[in-house]
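Survey of secondary and tertiary structure
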Amino acid sequence: MDTVSREYRWIGKDLKRPEDPALITGKVNYTNDVSLPGMLHAAVLRSPHAHARIRSIDATAARELPGVYAVLTGEDALEFIDPVPCFAAEAVEERAIAVGKVRYAGEAVAVAAADSRYIAEDALDLVEIEWEPLEPVVDAEAAMDPDAPLVHENLDSNVVYDQTFAFGDVEGDFARSDRVIRRRLRWPRATAAPMETSGAVCRYDEASGRMDVWSNTNFLNFVAWTIAGTLKMPPHKVNFHPMHTGGSFGSKHVLGKQIAIAGALSKATGRSVKFMEDRADNLTANDSQGPERLYDAELAVTDEGEFLSVRLDAVDDYGAYFMFAITGNTNLMAQITGPYTIGSCETGIKAVLTNKNQQTVFRGAGSDVGNWVLERLVDAAADELGMDGVELRRRNFIQPDEFPYKIPTGNVYDSGDYPAVLDLALEHADLDHWRREQERLRAEGRYIGIGLATAQQRSTFSSTEFWFHNPAPATGLTTSPESVRLAIGPTGGINVTTFSPFWGNSPETVISQVVAEELGVDPSEVSVDYDSTAHGLPSAGPGGSRMTVMLSGAVRGAATKVKKKMFDIAAHLLEASPDDLELRDGRVWVKGVPMEDRSLSIADIGMKAYWHKLDLPENMESGLEGSFTYDHPYTSMPSDDRKDLGAFYPIMGHACHVSIVEVDVETGRVTFLKYLAVHDVGTVVNPRSLQGQIRGGIAQGIGITLYEEVRYGPDGGNMTASFDEYLLPGAPDVPNIEIHHHETPSPFTEYGVKGGGEGGRMVSPPAITRAVEDALAPFGVTIGEMPITPDKVTSWIREAREPVE
Amino acid sequence: MIQEDFLTVRVTVNGVAHRIGVEPRRLLSDALREDLGLTGTNLGCEQGVCGSCTVLVDGKSVRSCLMFAVQADGAEVTTVEGLARDGELHPLQAAFWEKQALQCGFCTPGFLITAVELLRRNPDPSEAEIRDAIAGNTCRCTGYEHIVDAVKMAAEGGVGERIGTETASDTDIESEVIAGEGS
């Protein structure tokens, strides 16, 4: 049986989203919808070369074209902008417009602002560049060669980071194991590709020295101030406005480049300037590519199927720059040992720079990769030990009474019940039926396969993760708070202000439900808005599956403050003690006195608070509002020697996915027959929006497993610069997903909520990969790479031995 | 750009007649968004692949990023802004809200317009027919299931009764209503 919260009135209720009416009528303002008087439009000239020196640029003809206000080369832009924000200690400098040399095909070399985007693009056609092509480095392993051309000449090597982290007695555990399962596993380079590209409108006002920025950059009140640095402006002179964002999936955390381009052109022309990526810009240069990672992976096991230790050795292609350092590798250390009682682990990380657009974060942020690698090893162990994969997983599960559970890296899992999730999945999967079907269909020459994965979905990131790979980060270890302001007006209207923008998640839904829960009102009575950096309170914004947890905490904190003031006012007016009051159905009552004239509505109290100072308790300020900053509910410092990374992703969700596929062995096409997902993300706040996140995440998991890959040619050219080449799953490719919830409330968060925004994408790739592998078992195919394209399937079958009859 | 390079386009959008001057190369999508201020139509790729910018032109769905504004001369265009009428959501919009067939909402106008065309052609589509009809629209957020559910719900709720009326104008605004294919 699915368990669903019953103890709350509004938390857990399946409500329609308040966000949606504006979205479905086309009324919201995305960044590209911003239009200002006299606004110019920008376009970017991009490098056709992956690696080349710019000998000279002549933009004379471009500047003379009617309608053109400015053309800036990288050199010209030095007057207006500094390098874009980089959160790495290593000296990898990136500029919004390349200076002297380009490091990937698609890097910006000149920008133009004109009366229209059409004219700006015309102008860039007239820019003459003399290139000196250099040998491109497009393979991470080749880039590690000491004689390989350097992507950044100021570094001695393209290997920008090389470190091995070991936790626990790895050597000892491997020595006492009966067997080591070894696999070489390749995770493909994918990209977030939200439907809305990234961009910015900048308005520089020379008289006041201020700039307004309307951009779909997401970490507004967290790190937008660092972008002010790029704009060569003091942060308090730049106001970043929150924009509705058409999806991010990690790609819009920090849009330094896009804002710098619009900002430089605004400064140069004195006009408002819009730069919006087109899709080719986005696919070649958005800085949102995911890991391209080759693992040598080992799992030490006993003959009885006990997992002892895991050792992962990664070569990761970071592309030409290093904006978030190795967060794609540190992230998975939060759950490197999965749901299993593995006593030690080691992870070697070689981050390599190449002539590609850089890797940053994409939904899952590396934990997607970690789950796939670990579950591939578990399936391999089942095969080599001749054991059932389900029972092998079950026997290694951390048990419900072992929480909070500290894994070898030092991260703590707050809570969980993995056997219950597995049981719920098995109850609905009907694996016996599918095994019989498999046998029956094989006799007809049809191949179906079953894949099951049990994996973690860490949530509620703590930004200590950004820094602990560095022995002495200049910033120290930063934190990641979230704030709201809750105001009740004189007529009782409730307004909540959040300092993170809407990016496709459901902040208004969560806020309304929590306010309703706390103040006893209907969620529809709550109005939510978003505020800019000029008025911002501390906020880290969406990312790392944190918003539902953090907003729940922040709203509850603010509501508690406001409720206290309401009770103080009501107690004064009703001549009662605040302790004797209760809030119910939008009124404050004296407990046990169900008389309306001995109670006050929220509106009554609001009116008193705003207009009737003389009726308020002595020394009380007018007004009825409260701000609250909720800090991460459970995080701790890493040890100085980094043998213990501290708790940095402790609010731990879990899921079991079961995927049944049919593989057409003639065409290589994979079709889904069934997809089942059981998720435990603690207390569910809004089932409908959570299920949307899960289904959408699984669609992205299907994407990376079967279709998606950013491909570069041998010359470093990007071969996937349109949606015709970069294949996203469409409606016929994604099956209906049967979802069940198990709820293990977190003991550390408000209401026991955990984050669930990434789980679908984090757990589906191993389940689907195993299903395809299981279908192809008669051919002896083992799968160590993705995407599993029809070409690969048919060639694996060709290479494999004849089917076993 | 000199004045004689502009061409005059007469186009009725959501029941309102317009006369606009455009360069011959101006895309219909840019004319709708920038010249007429109808920013509900979103640009996802401008490569004709993602379907976000889908609008109805004389009742047929087109990708407005693949059509020049001058090609719409004399046509009747429906955008997402033309679906809700008199403050009431179109049944497809109501169903999209009910089923939460969206997250970020960016691709949603294109899906709504494509679904309007589908239900006009086939008021009682099967799930496979719905999935086939929306195969040219990409959504990165939802995994499509809630969209399929919403289209089904709208069909079952009788959206067919309003087939062909989405762009008919009964207001006092001057309009040139051109009969669509399905009306």
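Bear in mind the structure is a predicted one, so any value in this text is a computation, not a measurement.

Calculation criteria
- Residues numbered from 1 in each chain as written.
- Chains lettered and ligands numbered in written order.
- Predicted model: local features only at pLDDT ≥ 70, side-chain atom pairs only at ≥ 80, totals over all residues.
- Helix = DSSP H or I, 4+ residues; strand = E, 2+ residues; numbered from the N terminus.
- Buried ≥ 20, exposed ≤ 12 C-beta atoms within 10 Å, placed from the backbone.
- Contact = placed C-beta atoms within 7 Å.
- Rg over C-alpha atoms; globule rule 2.2 N^0.38 Å.
- Pairing = 2+ DSSP bridges.
- Axes fitted to C-alpha atoms, helices over the stretch in contact; angles between N-to-C directions.
- Domains from an automatic or database assignment.
- Right-handed = clockwise from strand over helix to strand, strands pointing away.
- Nonpolar A, V, L, I, M, F, W, Y, C, P; charged D, E, K, R; others polar.
- pLDDT = per-residue confidence, 0-100.
- Expected span 1.5 Å × (residues − 1).
- Core = buried A, V, L, I, M, F, W, Y, C linked by C-beta atoms within 7 Å.

Another point: the overall build of chain B. Check the secondary structure of chain B and you find five helices and five strands. Starting at the N terminus and walking to the C terminus, you meet the elements of chain B as β-β-α-β-β-β-α-α-α-α. Here chain B holds 183 residues, and the buried ones make up 56% of them. Within chain B, contacts between residues at least 6 apart in sequence are counted, and of these 64% link residues at least 24 apart.

Our next topic: the overall build of chain A. Of regular secondary structure, chain A possesses 20 helices and 28 strands. The C-alpha atoms of chain A give a radius of gyration of 28 Å, which matches the 28 Å a tight globule of 805 residues would have. In terms of overall dimensions, chain A has C-alpha extents of about 90 × 70 × 50 Å along its principal axes. Across the 805 residues in chain A, those meeting the buried criterion constitute 60%. Within chain A, counting contacts between residues at least 6 apart in sequence, those at least 24 apart form 80% of the total.

All names here are of chain A. One open sheet holds the four strands; their spatial order is β18-β26-β27-β28, and the pairing between them is mixed. In this open sheet, the two strands that pair with only one neighbour each are β18 (447–459) and β28 (738–741). For this sheet the average axis-to-axis angle between neighbouring strands, irrespective of direction, equals 15°. Looking at chain direction, strand β26 (residues 651–663) and strand β27 (residues 670–680) are connected through ten bridges and run antiparallel. In the sheet register, Ser659 faces β27, and the bridge partner there is Tyr675. Of the strands in this sheet, β18 and β26 are in contact with helix α14 (residues 431–443), which crosses β18 at around 145°.

A separate point is the domain arrangement of chain A. Residue and element names in this part refer to chain A. The assigned domain composition of chain A is domain 1 (34–134 + 196–246 + 252–285), domain 2 (327–338 + 366–460 + 647–799) and domain 3 (481–630). Summarising the inter-unit geometry, the C-alpha centres of domain 1 and domain 3 are found 41 Å apart. At the junction of the two partners, domain 1 supplies 16 residues and domain 3 supplies 19 residues. Counting only elements with at least two residues in the side of domain 1 that touches domain 3, the list comes to α7 (220–230) and β11 (238–241). In terms of residues, the side of domain 1 that touches domain 3 owes the most to one element, α7, which gives four residues.

Quick look at the sheet that holds strand β1 (residues 40–46) of chain A now. Sheets are built from strands paired through backbone hydrogen bonds, the pairs being either parallel or antiparallel. All names here are of chain A. Strand order in the open sheet made by the seven strands is β3-β5-β1-β12-β9-β10-β11, with mixed pairing throughout. The sheet terminates laterally at β3 (68–73) and β11, the two strands that pair on one side only. Each strand axis lies, on average, 20° off the axis of its neighbour in the sheet, ignoring direction.

Time to look at the environment of Pro481 of chain A. Residue and element names in this part refer to chain A. Counting through the fold element by element, Pro481 comes out in the loop between β18 and β19 (482–488). Sequence spacing of Pro481 and Glu75 is 406 residues, and the spatial spacing of their C-alpha atoms is 38 Å. Residue contacts for Pro481: discarding those within four places in its chain leaves Pro538, Ser539, Ala540, Thr629, Tyr630 and Asp631.

Turning our attention to the pairing of strand β20 (residues 494–498) of chain A. Residue and element names in this part refer to chain A. Across the five residues that make up β20, a large majority, four, are buried. Here β19 runs beside β20; their pairing, made up of five bridges, is antiparallel. When the bridges of β20 are listed, Leu486 appears paired with Val496. Direction of pairing for β20 relative to strand β21 (residues 526–530): parallel, over a ladder of five bridges. Bridging across to β21, Thr497 finds its partner in Asp529. The parallel pair β20 and β21 is bridged by helix α15 (residues 507–519), and the resulting crossover is right-handed.

This paragraph deals with the interface of chain B and chain A. Many descriptions give the size of an interface as the accessible area lost when the pieces come together. The partner chain A presents 42 residues to the 43 residues of chain B that form the contact. Those elements that place two or more of their residues in the side of chain B that touches chain A are α2 (91–98), α3 (108–121), α4 (127–133) and α5 (145–156) of chain B. For the side of chain B that touches chain A, the element with the highest residue contribution is α2 of chain B, accounting for four residues. Residues that form the side of chain B that touches chain A fall into these classes: 20 nonpolar, 15 polar and eight charged.

With that out of the way, let us pick up the domain arrangement of chain B. All names here are of chain B. The domain boundaries assigned to chain B delineate domain 1 (3–82) and domain 2 (91–162). Centre-to-centre, using C-alpha coordinates, domain 1 lies 22 Å away from domain 2. With 15 residues of domain 1 in contact, the opposing surface of domain 2 contributes twelve residues. Only β3 (54–57) and β4 (60–63) provide two or more residues apiece to the side of domain 1 that touches domain 2. Its residues placed into classes, the side of domain 1 that touches domain 2 shows five nonpolar, nine polar and one charged.

Residue and element names in this part refer to chain A. The linkage connecting Phe403 with the following residue, Pro404, adopts the cis geometry, with an omega of -5°. In this structure, the amide linkage connecting Met786 to the following residue, Pro787, adopts the cis form with an omega of -10°. Within the fold, Pro787 resides in the loop between α19 (759–775) and α20 (790–799). A positive phi is found at Asp585, a non-glycine position, where the angle reads about 50°.

Within chain B, residue pLDDT values average 88, and 84% of them lie at 70 or more. Model confidence for the complex: the whole-complex pTM is 0.96, and ipTM, which rates the interface, is 0.96.

So, on to helix α11 (residues 367–385) of chain A. Helix length check: α11 of chain A, at 19 residues, gives a terminal C-alpha distance of 26 Å against a target of 27 Å (1.5 Å per residue), a fit within 8%. Of all the 19 residues making up α11 of chain A, 15 are buried; the element is thus mostly covered by neighbouring parts of the structure.

Attention now moves to the environment of Ile147 of chain B. Residue and element names in this part refer to chain B. By the element assignment, Ile147 lies in helix α5. On the basis of neighbour counts, which here come to 28 C-beta atoms within 10 Å, the residue Ile147 falls in the buried class. Residues Ile147 and Trp97, spaced 50 residues apart in sequence, show a C-alpha to C-alpha distance of 9.9 Å. Those residues within four positions of Ile147 in sequence are excluded, and the remaining contacts are Ala101, Phe111, Ile134, Cys139 and Thr142.

What follows concerns helix α16 (residues 547–574) of chain A. Residue and element names in this part refer to chain A. An ideal rise of 1.5 Å per residue puts 40 Å on 28 residues; α16 measures up with 39 Å between its terminal C-alpha atoms. With 21 of its 28 residues buried, α16 lies for the most part within the structure. Just downstream of α16 lies Glu575, where phi reads positive at about 55°.

Okay, the nonpolar core next. Residues and elements named next belong to chain A. Ranked by internal contacts, the top residues of the largest apolar core, which has 305 residues, are Ala42, Ala112, Ile261, Leu265 and Val555. For this core, the element with the highest residue contribution is α16, accounting for 14 residues. The residues contacting Val555, other than those within four sequence positions of it, are Val484, Leu486, Val496, Ile511, Val514 and Val515.

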